[in-house]
Amino acid sequence: MTERLRSAQWYTGQDRNAYHHRAWMRRGVPADAFAGRPQIAIADTASDLTPCNAHLAEVALSVRDGVYEAGGIPLHLPVVSLGENQMRPTAMLWRNMAAMAAEEMLRANPVDGVVLLGGCDKTIPSLLMAASSVDLPAVVVPGGPMLTGTWRGRPLGCGTDVWRLSEDLRAGVISAEDYAQSESAMIRSRGHCNTMGTASTMALVAEALGMVIPGVAGTPAPDSRLLQAAHASGRLAVEMVGADRRPGTVMTKGSFHNAIITLAAIGGSTNAVVHLLAIAGRLGIDLTLDDFDRIGSRVPALVDLQPAGRFLMEDFHRAGGLRAVLHQVRDLLDDEALTVTGRPLVDHLDDAPVFDNEVIRTRCRPLLAEGGIAVLRGNLAPDGAVIKPAAASRHLLRHRGRAVVFDSIEDFHARIDDPRLDVDADCVLVLRGCGPKGYPGMPEVSNMPLPKKLLERGVRDMVRVCDGRMSGTAYGTVVLHVAPEAAAGGPLALVRTGDMIRLDVPERRLDLEVSEDDLARRTPSQATIAAFAAPARGWQRLYIDHVLQADTGADLDFLTGSSGPHVHRDPH
Ligand code: FES
């Protein structure tokens, strides 16, 4: 295999460069390490500041064992790690940077394949983007969700119950002491959020894309079967190098079709739309926003997990996991789309029973007859916006209301609880300046908290419209990812408080009831312009200048596509 290995370009021969490369790496590796043994990077996003991924250092050890056992050489490669809950202004600002850094490190180093260890929201997407652009054999090991925590005898969904408890506090339903006490019960174990949030969604979607060993995604982080899967993934990475099985050969348009079916069937996070568009962009696959509606919107939602339902990821795994879900919708899947095993996804769906049909519904008794994500268009979102009907209130899916506009999240926080704010339950809350360029980074602020005075009257949902994103753990009738965003000149910048907005999800429309002539005469308010004119240097400058809009995945314009694994020059 030696001649075929990419790493042979570093290690083979007697010249000075080969000497350098070998000599510096002989630190305890076997004597034959450079004689045809695949060099497998373990791209590890473990970090104390990404608590959802902190346990991946241990998972990496099992990968390492598997690589050695299969005859490869494991190489630990720490990569940029993004902790969703810690990073300000938003972890999304660095998804593309993490992807770029991982891509460049994989390309620059003598590696033949890679095992990708991710978990928290942005980590699996950034690793998949990187692997797609460098196109080396790659397999993902998702770090897995945490176990279910309980407080006062009731299970806590991390993320979802934070929103719920904070609204209960504001509404006076629970005391400040109760609220503080619940904090220590929220995170029971290692692992990422245990709802069907973005982390769970992206792990499952990565498996549907074919990039995870089937049956592994969703394994709870403390479950010993995760380490077994990590070991198997290390072995598989060596096999994949031998077979030259790369992301570009595993992930096809059919794989994205399967990912969209999966997203709908599991009731997954809206954030997956942006991430899948970005990954497809790296692979040169023609995936559009409308594909999500066309392929996914009539797929039944089968999984009863928070935020849209009742259960949590530990229940999901016990009930049969993703294979059980996909078995139910097998007829809708692309039967040629491959996996890292070299076999099609559908080949892995035999003997995949549902063990608890309250958690995973069967096809004849779905949670919702039509799940998926609706793509809206109209004069308020010419390039599209998305809404997750399963997480919305049915009575608001067709709604007309008076806009109450906020120019920034700071403006929102300053005024939303002001008793003098002219707002009622029929109003449409509009928040702008939260898109990729405007914030910058497209944060998860779109599920705006409701005005306190309405919460106290029992209002629990209102129509909200924003150019930002929403946490996958959140819920409500929230229109997201409005494109173009206000800061990029989208019509959202022209909305005024008092304008009428019409939302019609069945008709897929989002319209501002202002004539084209009147809109053409409007200019963004001074406050809007000031909010969007954030001074920036370094990464933020690069990001604002080059980030694409949400409808194409919010990647940087110069990062779309692939450069492949080849490097032609040596350092000395
Ligand atoms: Fe990491 Fe939720 S904060 S997955």
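The structure this text deals with has already been given above.
Okay, so let's go over this structure. Computed from a predicted model, the values in this text were never measured in an experiment.

**Observations regarding unusual backbone geometry**
Consideration 1: Cis geometry is found at the peptide bond from Gln 306 to Pro 307, where omega equals 10°.
Consideration 2: Secondary-structure assignment places Pro 307 in the loop between helix 13 (289-296) and helix 14 (313-318).
Consideration 3: Even without glycine at this site, Met 442 takes up a positive phi of about 60°.
Consideration 4: Its location among the elements puts Met 442 in the loop between strand 10 (428-431) and helix 17 (452-455).
Consideration 5: Accessibility expressed as a relative area gives 0% for Met 442, which makes it buried.
Consideration 6: Even without being glycine, His 481 reaches a positive phi, approximately 60°.
Consideration 7: Relative to the elements of secondary structure, His 481 occurs in strand 12 (residues 478-483).

**Structural notes on the environment of His 317**
Consideration 1: Structurally, the position occupied by His 317 is in helix 14.
Consideration 2: With 102 residues separating them along the chain, His 317 and Gly 215 place their C-alpha atoms 9.6 Å apart.
Consideration 3: Filtering out sequence-adjacent residues up to four positions away, His 317 remains in contact with Gly 218, Thr 219, Pro 220, Asp 223 and Arg 225.

**Brief notes about the pattern of salt bridges**
Consideration 1: Counted according to the given criterion, the structure contains 45 salt bridges.
Consideration 2: Note that Glu 314 and Arg 188 form a salt bridge whose closest N and O atoms lie 4.0 Å from each other. Note that Glu 314 is positioned in helix 14 and Arg 188 in the loop between helix 7 (176-183) and helix 8 (198-208), a separation of 126 residues in sequence.
Consideration 3: Note that Asp 223 and Arg 225 form a salt bridge whose closest N and O atoms lie 2.7 Å from each other.

**Brief notes about the sheet that holds strand 2 (residues 73-78)**
Consideration 1: Strand order in this open sheet of four strands is 2-1-3-4, and the pairing throughout is parallel. Two strands bound the open sheet, and with one partner strand each, they are strand 2 and strand 4 (138-142). Taken pair by pair, the neighbouring strands of this sheet meet at an average axis angle of 20°, ignoring direction.
Consideration 2: Relative to strand 2, strand 1 (residues 39-44) runs parallel, the two being bridged by six bridges. Bridge pairing links Ile 42 to His 76 in strand 2.
Consideration 3: Strand contacts of helix 9 (residues 224-243): strand 1, strand 3 (113-118) and strand 4, with the helix running at about 175° to strand 4, the strand carrying the most contacts.

**What about helix 3 (residues 56-69)?**
Consideration 1: In this model helix 3 runs 20 Å from its N-terminal to its C-terminal C-alpha over 14 residues, within 8% of the 20 Å that 1.5 Å per residue would give.
Consideration 2: Taken as a whole, helix 3 has its buried residues at Leu 56, Val 59, Ala 60, Ser 62, Val 63, Gly 66 and Val 67. Down the axis of helix 3, the smallest arc covering the buried residues is 160°, so these residues share one side.
Consideration 3: The secondary structure elements touched by the buried residues of helix 3 are strand 1, strand 2, strand 3, strand 4 and helix 9.
Consideration 4: Positive phi appears at Gly 71, one or two residues downstream of helix 3, with a value of about 100°.

Reading the values: rules and limits
- Within each chain, residue numbers correspond to sequence positions counted from 1 in written order.
- Reporting in this predicted model follows two pLDDT cut-offs: at least 70 for local features of residues, and 80 or more for side-chain atom pairs to be given and counted; totals over whole chains, interfaces and linings ignore these cut-offs and use all residues.
- Side-chain metrics in this entry use all non-hydrogen atoms of the structure; hydrogen atoms and water are not considered.
- Going along the chain from the N terminus, every DSSP run of H or I of four or more residues is numbered as a helix, and every run of E of two or more is numbered as a strand.
- Throughout this description, buried means an accessible area under 20% of the type-specific maximum (1.4 Å probe, protein chains only), exposed means over 50%, and partly exposed covers the range between.
- Note on contacts: a residue pair qualifies if any of its non-hydrogen atoms lie within 4.5 Å across the two residues.
- Salt bridges, as used here, are contacts in which a Lys or Arg side-chain nitrogen is within 4 Å of a carboxyl oxygen on Asp or Glu.
- Two strands are said to pair when DSSP picks up at least two bridges between them.
- To obtain each axis, a line is fitted to C-alpha atoms, and for helices this fit is confined to the stretch in contact; angles are then taken between N-to-C directions over 0 to 180 degrees.
- Here the expected length of a helix is defined as 1.5 Å per residue gap, with one fewer gap than residues.
- Regarding the arc, it is the one traced by the directions from the helix axis to the C-beta atoms.

Keep in mind these values describe shape, not function.
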